[in-house]
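One letter stands for each residue in the lines below.
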Amino acid sequence: MSPQRTPWPVEVLNRFGIGGWPRLRSAHVPEPSEPTGPPFAAPIGTRDVLPPDSRRWEALVARFAGEADRAGYGLLLSPLFESVGVFARMGEGTDVVRKEMYDFADKGGRHLALRPEGTASVVRAFVEHHPVVPWKVWYVTPAFRYERPQAGRYRQHHQVGVEAIGSPDPDLDVEVIALLAGFYRALGLEQVSLVVNTMGTPADRVAYAAAVADHLRAHLGDLDPEDAEKVDRHPLRVLDSKRRATQQVLATAPSILDSLDDVAVAHFERVRAGLVALGIAHEVEPRLVRGLDYYTHTLFEFRSGALSSAQNAIGGGGRYDGLVEALGGPPTPGIGFGAGIERILLTCEAEGVFSVPPGAVDVFVVDVTGGERARDLTVALRRAGLGASRAFDARSMKAQMKAADRSGAAVAVIVGPDEVAADEITVRPLRGGGDQQRVASADVVPHLRALLGEDRP
Ligand code: HAM
């Protein structure tokens, strides 16, 4: 890798006390022929989302908020970092906790971590504030995981999600799954499939993990070495290995469905019956385990048929009936999901759905008389409820008209010396034809409202 570029010599940086930053490994002075770039770029595995692409993010989050609101979920805002112990409760054996957490000591020596997912913070907030149950919240959040970046896998990704805490009712599982299925439908996605499984009661889960570990230990030599290493630490995680050698061992592994008690069977049957009643197609995948350790009973994952298998998990979740207790609260059941925004948008692109038109103002004000009229008119138009933009820096008429065109505005409002003298403005439609007109300054707002459509505010 080329050294981090900086336009300043190290001695200069050191003088300002920043030369010791690990990123500034050397003062690389580019050769005159070498292309120079900015000294910093977004960290590996992260991305900037610029307008107009960010319009799709806005629209997606708004759509999700609408679905969640209609189902009675309220928005929860909580800190992006927590005491590391909050996340450690997700399972010391999981990769997310063991290898991928962005943890650090703050200046007061507290051991904190950036949130790798949304659920643990919600549960911590539940325990701290003891709200009335069932507590139904939704969130949109970045999540940080030190993973190997690849298509659809980032070190900072973003999730929309819900959590419903305080009821063991299997119909709540159905509500949560139906909410996510409805969201994908609302985006226009069609190539989405749903797989479900159960981990049973906490006791079922422990017994099943032991049975799987026994089976894997009996075939240790036949496992792929990377999976063999997980057998003691996290045997259930081996179940979703895609490696061929491991797959052969798994073919004869015990199934969770054979070791469930009656309560767990009844819960799972009620969930499946609910999905059938709502017409939500699904398959039972007895090997579905998911990467976090807190799950009990229902587990589910939505997969996109339009993405490769490495990145096709576009949302998933399940019950975590022991997590509230693990975080210091009274025994309280909970269920929720998280769905990756980047992956959902990749799926929308692959399926050619949910295209969001670029944002455009209604009116672009062109002023070649010094800018004061543009300054005042844009604000007046916005106060009247119209979208208005303008150019700055006293650009020429030609440059301002070009900017007007680029802005996507339907109409340009032009102020030149003639207009000022007559106390008028010129209104020129930029799209959809129509003639240019001179209008008295006092009539500009009603005139534009009529021109842009009567449904304007
Ligand atoms: P998760 O399966 O780890 O579950 O993540 C949820 C979703 O986030 C995934 O289905 C995927 O769409 C997206 N995702 C995860 N990691 C990445 C990544 N590195 N890059 C891009 N997208 C990613 C959870 O986080 C649980 N908190 C879900 C939950 C909520 N369970 C119960 N309640």
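Residues numbered from 1 in each chain as written. Predicted model: local features only at pLDDT ≥ 70, side-chain atom pairs only at ≥ 80, totals over all residues. Heavy atoms only, no water.

What is the right way to look at the pairing of strand β9 (residues 296-304) in this model?
Working note: regular strand, side chains alternate between the two faces of the sheet. Burial analysis of β9 places nine of its nine residues in the buried class, the great majority of the element. One ladder, built from six bridges, connects β9 with strand β10 (residues 313-319); its direction is antiparallel. Bridging across to β10, phenylalanine 300 finds its partner in glycine 317. (Buried < 20%, exposed > 50% of the residue type's maximum accessible area, 1.4 Å probe, protein only. Helix = DSSP H or I, 4+ residues; strand = E, 2+ residues; numbered from the N terminus. Pairing = 2+ DSSP bridges.)

Would you mind showing me how to read the sheet that holds strand β6 (residues 156-165) here?
Across a sheet, paired strands are connected by hydrogen bonds in the backbone, their directions being either parallel or antiparallel. On the basis of which strands lie adjacent, the open sheet formed by eight strands has the order β1-β5-β6-β11-β10-β9-β7-β8 and mixed pairing. Among the strands making up the open sheet, the edge pair consists of β1 (74-75) and β8 (283-284). In this structure, β1 lies alongside strand β5 (residues 135-144), joined through two bridges in parallel fashion. For leucine 75, the partnering residue across the bridge sits in β5 and is tryptophan 138. Relative to the sheet, helix α2 (residues 54-70) contacts β5, β6 and β11 (334-340), its axis offset from that of β5 by approximately 160 degrees. (Contact = heavy atoms within 4.5 Å. Axes fitted to C-alpha atoms, helices over the stretch in contact; angles between N-to-C directions.)

Whenever I open this one, the nonpolar core confuses me. Can you help?
The tendency in soluble globular proteins is for nonpolar side chains to be buried as a group. Grouped together as the largest cluster of nonpolar side chains are 47 residues, with contacts concentrated most on Met90, Val123, Trp135, Ile165, Leu216 and Leu236. Breaking this core down by element, the ones donating at least two residues are α3 (84-88), α4 (95-98), α5 (119-129), β5, α7 (202-218), α9 (244-250) and α11 (323-326). A total of six residues in this core trace back to one element, the largest contributor, which is α5. When near neighbours in sequence (up to four residues on either side) are disregarded, leucine 236 contacts Met199, Arg205, Tyr208, Ala209, Val212 and Val289. (Core = buried A, V, L, I, M, F, W, Y, C linked by side-chain atoms within 4.5 Å.)

Explanation requested: the packing of aromatic side chains in the structure shown.
Any pair of aromatic rings gets described here by the distance separating the centres and the angle formed by the planes. Under the defined criterion, the tally for this structure stands at 10 aromatic pairs. For the pair phenylalanine 126 and tryptophan 135, a centre-to-centre distance of 5.9 Å together with 40 degrees between the ring planes defines the contact as tilted. Residue phenylalanine 126 is classed as buried on the basis of its relative accessible area of 6%. Arranged with centres 6.3 Å apart and planes meeting at 85 degrees, the rings of phenylalanine 300 and phenylalanine 302 form a pair that is edge-to-face. The burial state of phenylalanine 300 is the same as that of phenylalanine 302; both residues are buried. Note that arginine 155 overlies the ring of tyrosine 146, its terminal NZ or CZ placed 3.9 Å from the centroid. (Phe/Tyr/Trp six-rings, centres within 6.5 Å; stacked < 30°, edge-to-face > 60°. Lys NZ or Arg CZ within 6 Å of the ring centre and 35° of its normal.)

What's the story with the site of the ligand in this structure? I'm lost.
Neighbouring residues of the ligand: 27 residues in total, closest Glu117, Thr119, Glu147, Tyr295 and Ala313. Within the backbone of alanine 313, a nitrogen or oxygen atom sits 2.9 Å from an oxygen atom of the ligand. For the ligand, the protein covers 95% of the area, taking 650 Å² as the surface of the free molecule. Secondary structure elements with two or more residues in the shell around the ligand: β6, β10 and β11. Looking at which element gives the most residues to the shell around the ligand, the answer is β10, with six residues. Classifying every residue of the shell around the ligand gives nine nonpolar, 11 polar and seven charged. (Near = heavy atom within 4 Å. Polar contact = N/O pair within 3.5 Å; in protein donor to acceptor, adjacent residues only side chain to side chain. Areas by Shrake-Rupley, 256 points an atom, 1.4 Å probe, with all protein chains shown as cover. Nonpolar A, V, L, I, M, F, W, Y, C, P; charged D, E, K, R; others polar.)

Would you mind showing me how to read α2 here?
Residues separated by three or four positions in an α-helix point in the same direction, a consequence of the helix having 3.6 residues per turn. Under the 1.5 Å per step criterion, the end-to-end length of α2 is 24 Å for 17 residues, consistent within 8% with the ideal 24 Å. Among all positions in α2, only Arg56, Trp57, Leu60, Val61, Phe64, Ala65, Glu67 and Ala68 are buried. Residues of α2 that are buried in the fold lie against β5, β6, α6 (170-187), β11 and α12 (341-351). (Expected span 1.5 Å × (residues − 1).)

I'm lost on unusual backbone geometry in this one. Help?
When glycine is set aside, most residues are seen to have a negative phi, and most peptide bonds are trans. At the junction of proline 51 and proline 52, the peptide bond is cis and its omega measures out at 10 degrees in the coordinates. Residue placement: proline 52 occurs in the loop between α1 (10-15) and α2. A cis amide bond links valine 133 to the next residue, proline 134, at an omega of -5 degrees. With respect to the helices, strands and loops of the structure, proline 134 is situated in the loop between α5 and β5. Positive phi outside glycine occurs at aspartate 423, with the angle close to 50 degrees. When you line up the elements, aspartate 423 lands in the loop between α15 (417-422) and β15 (424-429). The class for aspartate 423 is exposed, based on a relative accessible area of 52%.

What exactly am I supposed to notice about a positive patch on the surface here?
A contiguous patch of positive charge on the surface is contributed by Arg395, Lys398, Lys402 and Arg406. Residue placement: lysine 402 occurs in helix α14 (residues 397-407). (Patch = residues over 30% accessible without salt bridge, like charges linked within 9 Å, V, L, I, M, F, W, Y side chains within 5 Å. Salt bridge = Lys/Arg side-chain N within 4 Å of Asp/Glu carboxyl O. Lys, Arg positive; Asp, Glu negative; His and termini not counted. Charge placed at Lys NZ, Arg CZ, Asp CG, Glu CD.)

I'm lost on the sheet that holds strand β13 (residues 388-390) in this one. Help?
Strand order in the open sheet formed by five strands is β13-β12-β14-β15-β16, and the pairing between neighbours is mixed. Lying at the two open borders of the sheet, with one neighbouring strand each, are β13 and β16 (437-440). Each strand axis lies, on average, 30 degrees off the axis of its neighbour in the sheet, ignoring direction. Relative to β16, β15 is paired through four bridges, and the arrangement is antiparallel. By the bridge assignment for β16, isoleucine 425 is matched with valine 439. Packed on one face of the sheet, α14 meets β12 (363-367), β14 (411-415) and β15 and runs near 175 degrees to β12.

How should the domain arrangement of the chain be read in this particular structure?
With domains assigned, the chain is organised as domain 1 (53-201 + 261-351) and domain 2 (363-452). Taking the mean C-alpha position of each, domain 1 and domain 2 sit 48 Å from one another. (Domains from an automatic or database assignment.)

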